[in-house]
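Given next are the chains, with one letter for each unit.
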Amino acid sequence: MSLTRRAITHIGKLIQSGELPRGARLPPERRLALESGVSEKAMHEAVRVLVVTQVLEVGQSDGTRVRSLEPALLRAGLHSAAELLRDDTLVELTEVRRGLEPAATALAAHRIRDQDLVGVRRHLDAMRGAGDDVELFTKHDVAFHQAVVTATGNATLATLLQGISNRTMPARVWHGLVEDDAGERAIAEHEAIYAALAARNAPLAEKCALLHVGTTAEWLREHLHHGEAVEA
């Protein structure tokens, strides 16, 4: 079991045993790390994953607390957190996305209309204005790409890529939470994609999309396959 998954399991047991009831403030991460025998970094990441999967919530001024969830929903949240760290499906989905989305972006560059570009730009501006709200940022990130694919006029391709985006969205939120400069880099990569689309430059659009999707895919593969070993 990876260190992050071990940390998630430890917090889950504290919640399910009643030691951390609903609404309780989470103990310091250093203490939790010592209790579970993992590094503080692994515990910090586990907390972030549990926030993404809505097992925990971050208050405005009173720290991280256990969400007020029914037992069935709590189990579902913990299951989602564990699934988020299962590498095979996520890596495979990002590989499929890397194979399809650059080609779709190139096709969009040929077919995109001015009104489509307005929609793409709106999501790019919303990403820039999201600030520290990683979930809002990722929501508009996903919508940006969906708007691009929709501009191809190929409904089958749009539906296929939307399904992949929906399934990988939690991992993309996780990426944004864990890596401090992920947002700034993503905005720059989206700007490049938008510029290529606006210029109707299909080869450049494909290249920019490949770079962008490849960045996420490589981060995920490296993190899941090697990141936990470093923590050991």
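Small disclaimer: the values here were computed from a predicted structure and weren't measured. (Residues numbered from 1 in each chain as written. Predicted model: local features only at pLDDT ≥ 70, side-chain atom pairs only at ≥ 80, totals over all residues. Heavy atoms only, no water.)

### Quick look at the packing of helix α1 (residues 3-16) against helix α2 (residues 29-36)
Between α1 and α2, the shortest axis-to-axis distance is 10 Å and the interhelical angle comes to 100°. With respect to α2, the element α1 is oriented roughly perpendicular. The segment α1 lies against α2, with Arg6, His10, Ile11 and Leu14 engaging Leu32, Glu35 and Ser36. The residue inventory of the contact of α1 with α2, partitioned by class, reads three nonpolar, two polar and two charged. (Axes fitted to C-alpha atoms, helices over the stretch in contact; angles between N-to-C directions. Helix = DSSP H or I, 4+ residues; strand = E, 2+ residues; numbered from the N terminus. Parallel < 35°, antiparallel > 145°, perpendicular 65-115°, else oblique. Contact = heavy atoms within 4.5 Å. Nonpolar A, V, L, I, M, F, W, Y, C, P; charged D, E, K, R; others polar.)

### Re α2
Every buried residue belonging to α2 is among Leu32, Ala33 and Ser36, and all of these are buried. Projected down its long axis, α2 carries its buried residues within an arc of 100°, all on one side. Every exposed residue of α2 that faces more than 90 degrees away from the buried side is listed here: Arg30 and Leu34. Elements that come into contact with the buried residues of α2 comprise α1 and α3 (40-52). Gly37 sits one or two residues past α2 and shows a positive phi near 75°. (Buried < 20%, exposed > 50% of the residue type's maximum accessible area, 1.4 Å probe, protein only. Arc of directions from axis to C-beta.)

### Digging into the pattern of salt bridges
Here the idea is simple: oppositely charged side chains can pair when their charged atoms come close. Following the criterion strictly, the structure yields ten salt bridges and no others. Ionic pairing is found between Glu57 and Arg67, a salt bridge with its closest N-O pair at 3.6 Å. With a gap of ten residues between them, Glu57 in strand β1 (residues 56-58) and Arg67 in the loop between β2 (64-66) and α4 (71-84) connect regions that are remote in the sequence. Classification of Arg67 as partly exposed rests on a relative accessible area of 25%. Across the pair Asp125 and Arg121 runs a salt bridge, and its minimum N-O distance is 3.3 Å. Of the two residues, Asp125 and Arg121 are both situated in helix α6 (residues 114-129); the distance of four residues between them amounts to about one turn of the helix. Here Arg121 falls in the partly exposed class, since its relative accessible area comes to 24%. (Salt bridge = Lys/Arg side-chain N within 4 Å of Asp/Glu carboxyl O.)

### Some remarks on unusual backbone geometry
With a phi close to 55°, Arg200 is a non-glycine residue in the positive phi region. By secondary structure assignment, the location of Arg200 is in the loop between α9 (182-198) and α10 (202-231). For Arg200, a relative accessible area of 34% corresponds to the partly exposed category.

Distances and angles like these do not, on their own, reveal function.
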